[in-house]
Amino acid sequence: MPNRFGEVFPPPAFDPERYARRRRQAFKQLGDDVMILYNPPEAHRTHDLYYRYRPDSDVYYLTGFEEPDAVIVLVGGAAPRLAMFVRPRDPERETWDGARAGVEGAKALYGADEAFPIDALDTRIGGYLEAAQTLYFKFGRDERLNQRVIAAFRAAAHRRHRQGPAPSIIRDTLPLLGRLRLVKDADEIERMRRAADIAAEAHLWAMQRAAPGQYEFQIEAELEYVFRKRGALGSSYTSIVGGGANATVLHYNANNSLLRDGELLLIDAGAEYGYYASDITRTFPLGKRFTPAQREIYELVLAAQKAAIAAVQPGARFDEYHQVALETLIEGLRDLKLLTGSLDEIKEKKTYLRFYMHRAGHWLGSDVHDACAYFTSETENGSFLYEKLRPGCVVTVEPGLYFAPSLKGMPKRYAGIGVRIEDDVLVTRAGNEILTAAAPKEVEEIEAIRHAALSDGVCAR
Ligand SMILES: [Mn+2]
């Protein structure tokens, strides 16, 4: 039987020049200073089991190195160099866990100018720090490593201060690396297109297969089936599959309730391909049609989402599309008599927070909430200005409305309705491109898909 899904994307080819190019950019920002990043050790799951490994996004961005328990040091200066501390070759361990690049591979494959076993970190790290004024360090979740780096910094400063200027500043890496990662290069955009393409198909597939009487986890399985079938590493975050009022819980992911006719299903799920994420939300009826109340809310969120996408333009500040989404939602909620007062009053008093309590989106990239700054250091009237959207930036656009059953003073017809619609949008020179447009979101499209699915018994297969 032919594969009924779209193209299978093989794992991306390793191209050392791509990472060397990114390191040259990083070294330009780094000047004479030093940066330390790390791939943490494997995360323990239970007893003698570990989670499948996923490298740190910054380490991967700069080296393509995917192995656990590695430290990379970018040493700035006139002749910048890359030092890597990695797990050494170990034939016994490699029999069980797979090949390691080792110290030799770090140099031959990953462009390290010098490489050492990870155990040599404590004795060698201080040497790199002495020449720098500033250490750029990504304080991660590995507290032991955080402490080792601080200790090395302190020792280097102590040794150095009688001979010359000692290193005196530790800075977070996010502003420097986030600035580079904010604008995606051609390879990153291609990966994000693939992640988006796979996830969009998975949403369509799920929309065709969900039915009353199934459990939410069965739909989660349909999504992940498509993700893996087409070459994604898996989900880029734990899929949210929320039927009925579960959709009003923003980070619901227990996914263990029964789906009921007459309710909506909200699915927030993205695929990760080559360590790049997509992030899509779709909401659709579990029957063949939206109820009138569901449709009122759905069309309002869709209108807000489309207006916000139109505001994703090069040169616009990050918050502009959020304001457009918010104002569209507020106007609509006023028309539905769910909010009273003028637009300005409602914004001022934030009375919309009852129904809409999150932002309209975030940066998207190697991390789902991509590790890039939202603010610049420029100020206006005492507040910091948001970052500007530039060609190559990717944002999500995801307004929603949530009517938790526990909310007081709200017409009963809306109780338990949760709607969010989310697309991934690439900023281009001419405007923008919706990477996830293949996932249906028009009311007529969705109802046609649901009608066909429930009539033809597709859901039962
Ligand atoms: Mn999102």
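Residues numbered from 1 in each chain as written. Predicted model: local features only at pLDDT ≥ 70, side-chain atom pairs only at ≥ 80, totals over all residues. Heavy atoms only, no water.

Student: Whenever I open this one, the layout of surface pockets confuses me. Can you help?
Tutor: Space left empty within the atom packing is revealed by a probe, the size of a water molecule, rolled over the atoms. For the largest pocket, the calculated volume is near 1200 Å³. Around the largest pocket, the lining is made up of 38 residues, and of these Arg54, Pro55, Asp56, Ser57 and Asp367 lie nearest the centre. For the lining of the largest pocket, the per-class residue count stands at 15 nonpolar, 9 polar and 14 charged. Taken together, domain 1 (16-180) and domain 2 (183-460) each give at least three residues to the lining of the largest pocket, which thus spans both. Estimated volume of the second largest pocket: approximately 520 Å³. Along the wall of the second largest pocket there are 14 residues; nearest its centre are Glu42, Tyr53, Pro68, Arg87 and Asp97. Looking at the lining of the second largest pocket residue by residue, the classes come out as 5 nonpolar, 1 polar and 8 charged. (1 Å grid on protein atoms, 1.4 Å probe; cavity = no way out; pocket = protein on both sides within 12 Å on 5 of 7 lines; lining within 4 Å. Points joined across faces, edges and corners; volume = space filled by probe spheres on them. Nonpolar A, V, L, I, M, F, W, Y, C, P; charged D, E, K, R; others polar. Domains from an automatic or database assignment.)

Student: How should I be thinking about the domain arrangement of the chain in this particular structure?
Tutor: Put simply, an interface is often sized by how much accessible area is lost when its parts join up. Once the domains are mapped, the chain shows domain 1 (16-180) and domain 2 (183-460). A C-alpha centroid distance of 36 Å is found between domain 1 and domain 2. Listed as interface residues are 14 residues of domain 1 and, on the opposing side, 18 residues of domain 2. Surface buried jointly by domain 1 and domain 2 totals about 1300 Å² across both partners, of which 35% is contributed by carbon and sulfur atoms. Area buried by domain 1 at its contact with domain 2 is led by Arg54, Tyr60 and Arg179, which between them contribute 33% of it. At the boundary of domain 1 and domain 2, one finds 5 salt bridges. Note that Glu387 is salt-bridged to Arg179, the shortest N-O span being 3.4 Å. Applying the counting criterion to the domain 1 and domain 2 interface returns 10 residue pairs in polar contact (both at pLDDT 80 or more). Elements that contribute at least two residues to the side of domain 1 that touches domain 2 include exactly α1 (16-30), α2 (57-63) and α7 (174-182). (Contact = heavy atoms within 4.5 Å. Buried area = accessible area lost by both parts, 1.4 Å probe. Salt bridge = Lys/Arg side-chain N within 4 Å of Asp/Glu carboxyl O. Polar contact = N/O pair within 3.5 Å; in protein donor to acceptor, adjacent residues only side chain to side chain. Helix = DSSP H or I, 4+ residues; strand = E, 2+ residues; numbered from the N terminus.)

Student: What exactly am I supposed to notice about a nonpolar patch on the surface here?
Tutor: Residues Tyr215, Phe217 and Leu258 make up a contiguous nonpolar surface patch of about 260 Å² in total accessible area. Of note, Tyr215 is situated in the loop between α8 (186-209) and α9 (216-229). Look at Tyr215 and you get partly exposed, because its relative accessible area is 35%. (Patch = residues over 30% accessible without salt bridge, like charges linked within 9 Å, V, L, I, M, F, W, Y side chains within 5 Å. Areas by Shrake-Rupley, 256 points an atom, 1.4 Å probe, with all protein chains shown as cover. Buried < 20%, exposed > 50% of the residue type's maximum accessible area, 1.4 Å probe, protein only.)

Student: Before we go on, may I ask you to explain the environment of Ser455 in this structure?
Tutor: Counting through the fold element by element, Ser455 comes out in helix α13 (residues 443-455). Ser455 sits 328 residues away from Gly127 along the chain, and the two C-alpha atoms are 70 Å apart. From its side chain, Ser455 meets the backbone oxygen of His451 in a polar contact 2.5 Å long.

Student: Any chance you could explain α13 here in plain terms?
Tutor: Note: α-helices contain 3.6 residues per turn, so residues at a spacing of three or four share the same orientation. The terminal C-alpha atoms of α13 lie 18 Å apart, and with 13 residues this matches the ideal 18 Å at 1.5 Å per residue to within 8%. Along α13, the residues classified as buried are Val443, Ile446, Glu447, Ile449, Arg450 and Ala453. Axial view of α13: buried residues confined to an arc of 160°, hence all on one face. Structurally, α13 contributes buried residues whose contacts are with α8, β14 (280-285) and α10 (292-310). Just downstream of α13 lies Gly457, where phi reads positive at about 70°. (Expected span 1.5 Å × (residues − 1). Arc of directions from axis to C-beta.)

Student: Looking at this structure, I do not really get the nonpolar core. What am I missing?
Tutor: Among the nonpolar cores identified, the biggest contains 76 residues, and Phe227, Leu265, Ile267, Tyr321, Val395, Leu401 and Phe403 are the most heavily contacted of them. Sorting elements by how many residues they give to this core places α10 first, with 9 residues. Ranked by size, the runner-up nonpolar core spans 36 residues in total, among them Leu82, Tyr110, Ala115 and Ala277. (Core = buried A, V, L, I, M, F, W, Y, C linked by side-chain atoms within 4.5 Å.)

Student: Explain the sheet that holds strand β10 (residues 240-243) to me, please; I cannot follow it from the model alone.
Tutor: The strands making up a sheet are joined through hydrogen bonds of the backbone, oriented either antiparallel or parallel. With antiparallel pairing, 3 strands are arranged side by side in an open sheet as β10-β11-β14. A strand with exactly one partner marks an edge of an open sheet, and here the two such strands are β10 and β14. On average, each strand axis in the sheet is tilted by 10° relative to the strand beside it, whichever way the strands run. Pairing analysis gives 4 bridges linking β10 to strand β11 (residues 264-269), with the strands arranged antiparallel. Across the sheet, Val241 pairs through a bridge with Ile267, a residue of β11. In the packing of α8 onto the sheet, contacts are made with β11 and β14, and the angle to β14 comes to roughly 15°. (Pairing = 2+ DSSP bridges. Axes fitted to C-alpha atoms, helices over the stretch in contact; angles between N-to-C directions.)

Student: How do you make sense of the side chain of Ser366 when you look at a structure like this?
Tutor: You can see Ser366 is positioned in the loop between α12 (343-349) and β15 (375-380). On the accessibility criterion, Ser366 (4% relative accessible area) is buried. Excluding residues that lie within four positions of it along the chain, Ser366 makes contacts with Arg54, Ser57, Arg181, Glu272, Tyr275 and Tyr276.

Student: Sorry if this is basic, but what is going on with the packing of aromatic side chains here?
Tutor: Any aromatic ring pair is given by two values, namely how distant the centres are and how the planes are angled relative to each other. Scanning the entire structure with this criterion turns up 22 aromatic pairs. Clustering of aromatic rings is evident, with ring pairs tying together Phe14, Tyr19, Tyr60, Phe65, Tyr110 and Tyr275. (Phe/Tyr/Trp six-rings, centres within 6.5 Å; stacked < 30°, edge-to-face > 60°.)

Student: Got a minute to help me understand the side chain of Thr436 in this structure?
Tutor: Inspection of the secondary structure assignment puts Thr436 in the loop between β21 (432-434) and α13. Residue Thr436 is classed as buried on the basis of its relative accessible area, which comes to 0%. In this view, Thr436 contacts Ala196, Ala200, Ile280, Arg282, Asp423 and Asp424; residues no more than four positions away in its chain are not counted.

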